[in-house]
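Chain by chain, the residues:
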There are 2 protein chains.
Amino acid sequence: MNKNYIIPNEWSIIEEGFCAENVEASESLFSIGNGAMGQRANFEEDYSGNTFQGSYIGGIYYPDKTRVGWWKNGYPEYFAKVLNAPNWIGIGIQINTTKLDLNTCKVSNFKRELNMKEGWLSRSFVAKLPTGEQIEVCTKRFISIKYNEVGAIAYTVKPLNFSGEISFSPYIDAGIVNEDANYDEFFWEILQISPEENKGAILSKTLKTEFHVATAMAVSFTSNEKPIEIPQQTLIEEKSITYSYTLNISEGETATIYKYGSYVSSLNHSNEELLDAAFKNVTEAKQIGFQQLLNSQIDSWKNIWKTADIVIEGDVKAQQGIRFNIFQLNQTYMGTDARLNIGPKGFTGEKYGGSTYWDTEAYCIPFYMATKDASVAKNLLLYRYNQLDKAIENAEKLGFTNGAALYPMVTMNGEECHNEWEITFEEIHRNGAMVYGIYNYVNYTQDFEYIPKNGLEVMIAIARFWHQRANFSEAKNKYVILGVTGPNEYENNVNNNFYTNYLAKWCIEYTVDCLNKVKHNYPDDFERIINKTNLKAEETYKWLKVAENMYFPFDAEKNIYLQQDGFLDKEISSVDKLPISDRPINQKWSWDRILRSCYIKQADVLQGIFFFENKFSKDEVERHFDFYEPLTVHESSLSPCVHSILAASIDRMPKAYEQYVRTSRLDLDDYNHEVHEGCHITSMAGTWMSIVQGFGGMRVWDDGKLTFNPQIPKEWKSYSFTINFRGSIIKVYKSQTACKFFNESGNEIKMLVNNNEILIPSNQLVTV
Amino acid sequence: MNKNYIIPNEWSIIEEGFCAENVEASESLFSIGNGAMGQRANFEEDYSGNTFQGSYIGGIYYPDKTRVGWWKNGYPEYFAKVLNAPNWIGIGIQINTTKLDLNTCKVSNFKRELNMKEGWLSRSFVAKLPTGEQIEVCTKRFISIKYNEVGAIAYTVKPLNFSGEISFSPYIDAGIVNEDANYDEFFWEILQISPEENKGAILSKTLKTEFHVATAMAVSFTSNEKPIEIPQQTLIEEKSITYSYTLNISEGETATIYKYGSYVSSLNHSNEELLDAAFKNVTEAKQIGFQQLLNSQIDSWKNIWKTADIVIEGDVKAQQGIRFNIFQLNQTYMGTDARLNIGPKGFTGEKYGGSTYWDTEAYCIPFYMATKDASVAKNLLLYRYNQLDKAIENAEKLGFTNGAALYPMVTMNGEECHNEWEITFEEIHRNGAMVYGIYNYVNYTQDFEYIPKNGLEVMIAIARFWHQRANFSEAKNKYVILGVTGPNEYENNVNNNFYTNYLAKWCIEYTVDCLNKVKHNYPDDFERIINKTNLKAEETYKWLKVAENMYFPFDAEKNIYLQQDGFLDKEISSVDKLPISDRPINQKWSWDRILRSCYIKQADVLQGIFFFENKFSKDEVERHFDFYEPLTVHESSLSPCVHSILAASIDRMPKAYEQYVRTSRLDLDDYNHEVHEGCHITSMAGTWMSIVQGFGGMRVWDDGKLTFNPQIPKEWKSYSFTINFRGSIIKVYKSQTACKFFNESGNEIKMLVNNNEILIPSNQLVTV
C-alpha cells in the first residue's frame, strides 16, 4: 500500500496529525537544503521514537571500508559514504521537571508544512506532557540560499495550562553516527570545542579523508516577541556542547529561541580559519535576524521559481507533485560548484554511497540546463572532465590501455565506489551517457566551444574504451560487446545489450564527427588534444571499423531490436499477469528468478530510443514500446518518466499520464515503500522531463532547432512551463483548447501555425 | 613460483632447515587429524613469527553474519564457519630466564616429519637462545584414530651447553579467534575452568549455535626417560588455564613432558557429562601411555593403507604426492558419522566456510567407496538424505514449489552458506551431482536397495527442481535452462550450460527409470514414497517432456557441444598464448575480463563427458577434449584430475601425466600459491581417481561390471593400487611391461586376455 497522508496543496507539503509511524517518512519528505548543505526534517527537541537523524554537507564524505561476499580484482577498497554531519539543529526543551519528547506526550493539532514557494519548514503542535503541563509549540527553520553556510530556527513555546519554568538547551552534537556504515565505525574525530557566550562551535575532522568541518551555533531569545537575555549554563562533553537557558513564563505567554547554525568546511576555507569563519557566520546571521534572513530566503526562491515553475490547473496533487520535484532538485544542486553533483538521495538520506551516477547526465542535465543559466549544466560536465584522469585509472585497473576511460558507476571524487561486479565492471553503458550529456548540452546551448576546450578529451577516452571493449565474433562476423549489464539491472552479464551496443557505436561516430569539426574550426585545440592524447588517424579508423560493424540483436519476425542475445528464449508474459503478491519482484523474488524472467526494471531498449528518437520512425517507436512497456515493472525510479515521454510521443496520453503520476508522486505517495530512506532526487528530473519533453513535446534537434508539440492529459485544465533557452525565457501554456507561447515580459510570441515557426526574442527561429 | 622445499620421500613429508617464510605453509602441509578432529601443525611452544593457529572439531561451526555488497532476497543470513577450537597443544618452554621462541633463536638441524605410514608428526631442532643457552628439542604428536577424542604429545628438551632450570608450561587456551571472521567477532563463551593436579579442562560453548565443548589436558614427565614428578603451579586466566613445572637439569640430560589432550563435544555427549568425559579421556590416555597409544596409531594406519595404498616405483615425488593425498583424505573423513562430511580444507584451514560442497559427490565418493567399506560412501549419501527437508526449504526460498529441492552450494547443516548470487542461486548443477553420487554408489556396490530406502526421495525432489527450473523457449522450440553458472565459474549467469542441461535431462530420466524399478521390485517402498511425495504419473510425464525436449547448444561446423549459448562469440585463443604475467588470471584480471574471455577455470563440458563417458564415442571425447582443454586454465584444484582421466582414456599419456603431476603435488609444491591457507582436500580424491580411473582405466558400468584398462606413464617403472570391490580386495599392478591382478591373499587372479575377463574371489565377473 502506498502512503497517503500528505495533504494536497499547490505550494506546500503538509502533514496534519501526529503519527509516529510516519516520522521517518516525513523526515525525508520535509527535508531542506540549499545545494551546499541540507538535512532531514528531524525534530529540534529530543525524540525517543524511531527516527533517522541526518545532516549533510555537500562534498564531505567518508571512504568506508567495503563489504563484499567475495573479493574480486578491481573492486574499490573503499566506498565513499554520504556522511552524517554534526547536529546543529538540536534544542532540548524542558518544562518544569519534564523533557519534551513527542513520543511520550499526548500530541494534538500537529501540523508540519514545507513551504516550497518560500523555502522554509514549519511545525506546530500542542503537547500534553506526562506530568500534565500543556504547551503549544511553533517552529520554523530554513537553510539559507543566499548565505549558503547558514541555517536558522525559530522555536516558540507557549504554556497553555500552567505558569512555570521552561529550559531551552540548544546544542551541537558531533557524536553522530551514520545509519549506513559497513562496520559501525565512527567517522569523525573531534578536534576542538569552543564555547562562548550564546555561541559555540565544534571543530571536527573526518577520519581518513580529513575533511575539516566547523559547526557553530548562536542563540537569542524573545519573550512575547520582545528580546530578552537569559543566563547561560554550559555543559561540555566529549563530543558535544550544550547550553542551558531557563526562564519563568506565565500561562499564555510565549518564549522563543532563535538558533543560527553554520557549517564551514575545508572545501572552502583553510583549516585554521574554520572556527573563526563559523563564528563569523552565526554572529552575522544573528545580527541580520531571523525575519530578515527569512525574507532573503523568500526572494531567493522567487528567483528560482521564475524559470523553473510548472503550473498545472485542475489537478492539485499533480501540481504539488511537480513542484515538490522541482523544489528538491533545487535544494540538492545549485550549479555553482563544479566539485558537487546530484546524489540520488540528495540531502534527504544516506542510501547509495557516493554522489554521482549516470543519472546526472541522462536525467538531470536537461532540467538544470533548461531552468538555470547554461553555466550550471556546464559545471556538471566539467565535474566529469575534472575526473577524466581517475576514469582512465579506473579503466586501467580493468585491463584497458592507451588512455581508455571508464567512468565510475558511483563516485564522489572520481574513484569507483561500487562493488558488485555485475554493476561496477559491467554496467558500462554509463560511459555512453557521459558523451550523451555533452551532445545534449551542445545541442541545447550551441556552446560547441565546450568540445574543443574540454569535451573532446573525454570523448576520445571513451571512444577508446568502446573500441577495446568490443571484440570481433567469428560466428557473427560482427563486433560484439559481451558480458554487460544494461540500464535494466534485472539482467546481468548479458551479451550484446542493444542499448549498450547502440551507445558504443554512436559514441565513436559522434567523437569522430567532433574531431573533424575541431580539426577544421579549432586547429590549435586540435593540435593540443592530439598531442595530449597521442591520437593518430589510424586509431580512429579502427574505432570506426568497430562502429560500422557493430552487431545488434534483432528479431525479424517481431521486427524489433532485442534487449540482448537470447531475450526471446524467456517466457514472455506481461507484467499485468503477475500476482500483486509477487510485486515488487525485487522484494519478493530471489535474484536468479528475476534474472531469468522477462521482466524489465527500467527502460533499456526504450532508453536508447528515448535518447535517439530522431533515429527511429514513429512506427519503430510504437513497435518497441508495445513490446517492452508491458514487460516493464518500473522498479527503478528512473523508469516511469522515460515511458511517459515515449508514450506521449506516440500519442498514448492515458499511458503517458499513468506513468507521469507514478514518477511525480513517487515519494509523496511512497510507491516503492522506502521513502523513509530518503527521496529519489535524480528521478525528479525525469518528472520534469515528463512534462516538458513528454506532454510539452519539447525537442532540441541536432541542428540546434527547438520544437514543441504540446498535448495535455484529459485530467488537467491546463499546464504551463518555462524554460531558459539560450538566455531567452519562453513560457509554454497548454490548455484543453489552446496552446500559447510567451516571452519573459509575458507577451505572447507570434506563432505561425502553418509552418510551425515562432520567433523568440533573441531572433532565433523556433519551430513549433 | 611454486614452492620446492619438501624433501621427497616415499612415506613421509619432510622439511629440513628452519625458514620462517615457510612456517604457515608447513602448518597446512603437516596437519594431522583423525576424521573427528584435527589441527594445523602449529608449534607447541610460543612462536612470535607469522603463524596461522588452527585446531578444529568436526561438525562444530559458527554461523557468522554474512557480509555482502548488496543484499539479495534468498541470501542466507548466516554463513557457517569452520571454527578454530580451544588450543590444547600449547606448551610454553622456558630455559632459565628465557622463553623458547624459534623466531628469536638461532635454529639449526631443524627437521619436521609427517610420517604418513604411521600417522604421526615429529619435529626436532637445536636452538640457541638469545641468552646463549643451547638446547636440543624433539617432539612427536598424533591424533588418535582408535581413541578419536584424544591426541598426545611428547616434548623432549636436552641442554647442550649448560645445566640449569627448565620450565614446562602446558596450557589450554580457549581465548582463540578465527582467522576467517566477517566482523572480527569472538565465537566462544567460556563456561567453566576446572584445574586439577596435572590435569585441567575448560568447558566452553559456541555463541549462537551453542555447541558445548570440553577441552582437557593431562601431563606427565620423564627425565632421562624415567618418570618423575614435578610440583605444579597453576595460573587461571579469563579464558585459559596454564600449569607451570620447573626442574633442574644438567647438560646432556633430557626432560620430557607428555601432554594428552581431548576434545569432547555436545555432538556426542550431553552437556552435563562433557567435563567428566574429557577428564576421563585424558586420564585413560595417560594410563595407557604415549608409546602404547602410538603403537595403536601405527596399527590403525596399517589397516587404512591396506585397502588405500598406491605404490609408484621409479618416481619418488609422485609416490609421495599420491600418499599425501590419500593420507589427508583419511585424516579428514573416516566415514563413521553421517553428520560429518569432507570440507574443502579438511582440518587444515578455515577458508570456504561450511564443510560440504558438490565435491563430495562428484570427486570424493569414488575414493571412499573403493578404499573403505561400502557403509562409508553410504554415510555420505545419507548426509544428503538427512538434509532433504532443508534442501526443499532452500528451493522454496527461491520460489520453487511442490517439494522441489535445491541442495546448498556450501553447507554445514543443510542450510545454504554461500552468498554470491551467481553461485548460491545459479550454480545449480550441484543438484545433479547429488543424483550422480547415488548412481555411482549403486553401480559400484550393487546396493540398489539404497534407492527405495532413501535415494529415491532425493531424486524425486531434484527431478521436480529441474522440471520447474527449465522453461520452454518459443524461439528454440525446446526446453532451455536460463541463468546458470556451470562448473566453470569463470562464466556467470549463462544460458543453456551444456553440462547443466545434460545433467538435468539425465537426472529426470534416471529418476523415472528408478521409479519404475522400485514400483516393480519394492512395491511397499513405492507406496510409501508416492504417498509421502504426493507424486502422480502425470507429473513424471511432464518431467519427461522436459527431458526429451531439452536444448543443447551445438556447433555443427566444429561438431561439438558448446559450453553455453554464444560461446563462439568470444575470441577463442588457447591458454598457451597468455603471457605468464597474466596468470593465474583470477589474481591478475578483473572479473568482467575473465567472464568475457574464453578461458575455462575447470572442466565443464568435459565434466559432463567424464561423468557420462559411456554415452560418448571416443571420437566425440577427443573432439571435445581438443577444443576445451587448450582453453582451460585449471585455476580450480578440481580441474587437472578430470583432464588427466580423460586424456588417459583417449591415449594421451603425456597430457594425462602432466595433469596428474599438477593435481598430485598441488599442495606439496603449492601450485596456486595459497597452501598457507590450508590444503585442497577434496581435489585429493581427484588425484586418486587420476590413477585408478585415469591410468588404471577402472570403470564400473551401468550393468555393474568392473573393467580396467591399465596404462602407465613412461616416467614410472610400475604402479599398483588396491580397491575394495563389493567386499573383495583387488590389487592392480601395472609395469612398463606387465599388467597383473591380485586378490587379498596376494595370489594372482586368473586373467583371460582374449575376452578380458577375470574371476574375482567372490565369483563375480570382472572384465579387463
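Up top is the structure these notes are about.
Residues numbered from 1 in each chain as written. Chains lettered and ligands numbered in written order. Predicted model: local features only at pLDDT ≥ 70, side-chain atom pairs only at ≥ 80, totals over all residues. Heavy atoms only, no water.

Q: So, the overall build of chain A: which residues are in play, and what are the values?
A: When helices and strands are counted, chain A shows 20 helices and 34 strands. Against the globule reference of 27 Å for 768 residues, chain A gives a C-alpha radius of gyration of 27 Å, in line with a compact fold. In terms of overall dimensions, chain A has C-alpha extents of about 85 × 60 × 55 Å along its principal axes. Going through the 768 residues of chain A one by one, you find that 65% of them count as buried. In the form shown here, chain A has an accessible surface area of approximately 26,800 Å², with 46% of it arising from carbon and sulfur atoms. Considering chain A, the positive charge centre built from 75 side chains and the negative charge centre built from 98 side chains are found 4 Å apart. (Helix = DSSP H or I, 4+ residues; strand = E, 2+ residues; numbered from the N terminus. Rg over C-alpha atoms; globule rule 2.2 N^0.38 Å. Buried < 20%, exposed > 50% of the residue type's maximum accessible area, 1.4 Å probe, protein only. Areas by Shrake-Rupley, 256 points an atom, 1.4 Å probe, with all protein chains shown as cover. Lys, Arg positive; Asp, Glu negative; His and termini not counted. Charge placed at Lys NZ, Arg CZ, Asp CG, Glu CD.)

Q: Go over the relation of the copies chain B and chain A with me, naming the residues and quoting the values.
A: Once turned by 180° and shifted 0.1 Å along the axis, chain B lies on chain A with an RMSD of 0.1 Å. Such a combination of rotation and displacement between the chain copies is what one expects of a two-fold axis. Using C-alpha coordinates, one finds that chain B approaches the rotation axis most closely at B:Val68, a distance of 2.3 Å. Both copies present the same face, since 100% of the interface residues in chain B are matched by interface residues at the equivalent positions in chain A. (Least-squares fit on C-alpha atoms with pLDDT ≥ 70 in both. Contact = heavy atoms within 4.5 Å.)

Q: Go over the interface of chain B and chain A, please, and point to the residues and values.
A: Between chain B and chain A, the residue contacts involve 46 residues of the former and 47 residues of the latter. Interface area for chain B against chain A, summed over the two sides, is near 3,800 Å², with a carbon-plus-sulfur share of 51%. Counting the contacts that link chain B with chain A gives 18 residue pairs in polar contact (both at pLDDT 80 or more). Residue assignment for the side of chain B that touches chain A shows that the elements contributing at least two residues are helix H8 (421-424), strand S23 (471-473), helix H14 (585-588) and helix H15 (591-596) of chain B. A total of 5 residues in the side of chain B that touches chain A trace back to one element, the largest contributor, which is H15(B). (Buried area = accessible area lost by both parts, 1.4 Å probe. Polar contact = N/O pair within 3.5 Å; in protein donor to acceptor, adjacent residues only side chain to side chain.)

Q: Account for unusual backbone geometry, with residues named and values stated.
A: Going from A:Arg583 to A:Pro584, the amide bond is cis rather than trans, its omega being -5°. Turning to its location among the elements, A:Pro584 is positioned in the loop between strand S26 (560-561) and helix H14 (585-588). Despite not being glycine, A:Asn534 has its phi angle at roughly 55°, a positive value. For A:Asn534, the position within the fold is in the loop between helix H12 (523-533) and helix H13 (537-548). Positive phi, normally seen in glycine, also occurs at B:Asn109, with a value near 50°. Assignment of secondary structure puts B:Asn109 in strand S10 (residues 106-115). Given the relative accessible area of 63%, B:Asn109 is considered exposed.

Q: Account for the packing of aromatic side chains, with residues named and values stated.
A: What the rule picks out here adds up to 123 aromatic pairs over all chains. For the ring pair B:Phe142 and B:Phe290, a centre distance of 5.3 Å and an interplane angle of 55° mean the geometry is tilted. Of this pair, B:Phe142 sits in strand S12 (residues 134-143) while B:Phe290 sits in helix H3 (residues 290-308); the two residues are 148 residues apart in sequence, bridging distant segments of the chain. We note that B:Phe142, like B:Phe290, is buried. When the centroid spacing of 5.9 Å and the interplanar angle of 70° are considered together, the rings of B:Trp358 and B:Tyr363 count as edge-to-face. One residue, A:Lys259, lies across the ring of A:Tyr171, its end atom 5.5 Å from the ring centre. Geometry around B:Tyr551 places B:Lys476 over its ring, the cationic atom sitting 5.0 Å from the centre. (Phe/Tyr/Trp six-rings, centres within 6.5 Å; stacked < 30°, edge-to-face > 60°. Lys NZ or Arg CZ within 6 Å of the ring centre and 35° of its normal.)

Q: Could you give an account of the sheet that holds strand S30 (residues 728-735) of chain B, naming the residues involved and the relevant values?
A: Backbone hydrogen bonds are what pair the strands of a sheet, in a parallel or an antiparallel way. Residue and element names in this part refer to chain B. In space, the 4 strands of this open sheet follow the order S22-S29-S30-S31, with antiparallel pairing throughout. Bordering the open sheet on either side are strand S22 (310-313) and strand S31 (739-742), each of which pairs with just one other strand. Averaged over all adjacent pairs, the angle separating strand axes in this sheet is 15°, with direction ignored. Here strand S29 (residues 718-725) runs beside S30; their pairing, made up of 8 bridges, is antiparallel. The residue bridging Ser720 from the neighbouring strand is Tyr733, located in S30. (Pairing = 2+ DSSP bridges. Axes fitted to C-alpha atoms, helices over the stretch in contact; angles between N-to-C directions.)

Q: Any details on the pairing of strand S12 (residues 134-143) of chain A? Residues and values, ideally.
A: Regular strands place their side chains on alternate faces of the sheet. Residue and element names in this part refer to chain A. The pairing of strand S11 (residues 120-128) with S12 spans 8 bridges and is antiparallel. Its bridge partner being in S12, Lys128 is matched across the sheet by Gln134. Strand direction decides the pairing type here: S12 and strand S13 (residues 150-159), joined by 9 bridges, are antiparallel. By the bridge assignment, Arg141 is partnered in S13 with Ile153. From the end of S12 to the start of S13, which pair antiparallel, there are 6 residues.

Q: Go over the pattern of salt bridges with me, naming the residues and quoting the values.
A: All names here are of chain B. Within this structure, the stated rule accounts for 76 salt bridges over all chains. The salt bridge involving Arg430 is made with Glu416; its shortest N-O contact spans 3.4 Å. Of this pair, Arg430 sits in helix H9 (residues 429-445) while Glu416 sits in the loop between helix H7 (388-397) and H8, and the two are 14 residues apart along the sequence. Lys476 serves as the salt-bridge partner of Asp565, at 3.6 Å between the closest nitrogen and oxygen. Of this pair, Asp565 sits in the loop between strand S26 (560-561) and H14 while Lys476 sits in the loop between S23 and strand S24 (478-480); the two residues are 89 residues apart in sequence, bridging distant segments of the chain. Taking relative accessible area as the criterion, Lys476 reaches 26% and is therefore assigned partly exposed. (Salt bridge = Lys/Arg side-chain N within 4 Å of Asp/Glu carboxyl O.)

Q: So what about the environment of B:Asp702? Which residues, and what values?
A: Residue and element names in this part refer to chain B. Here Asp702 lies in the loop between strand S27 (699-700) and strand S28 (706-707). Judged by relative accessible area, Asp702 falls into the partly exposed class, the value being 43%. Discounting chain neighbours no more than four positions away, the residues touching Asp702 are Tyr439, Asn443 and Asn614. At a separation of 2.4 Å, a polar atom in the side chain of Asp702 contacts the side chain of Tyr439.

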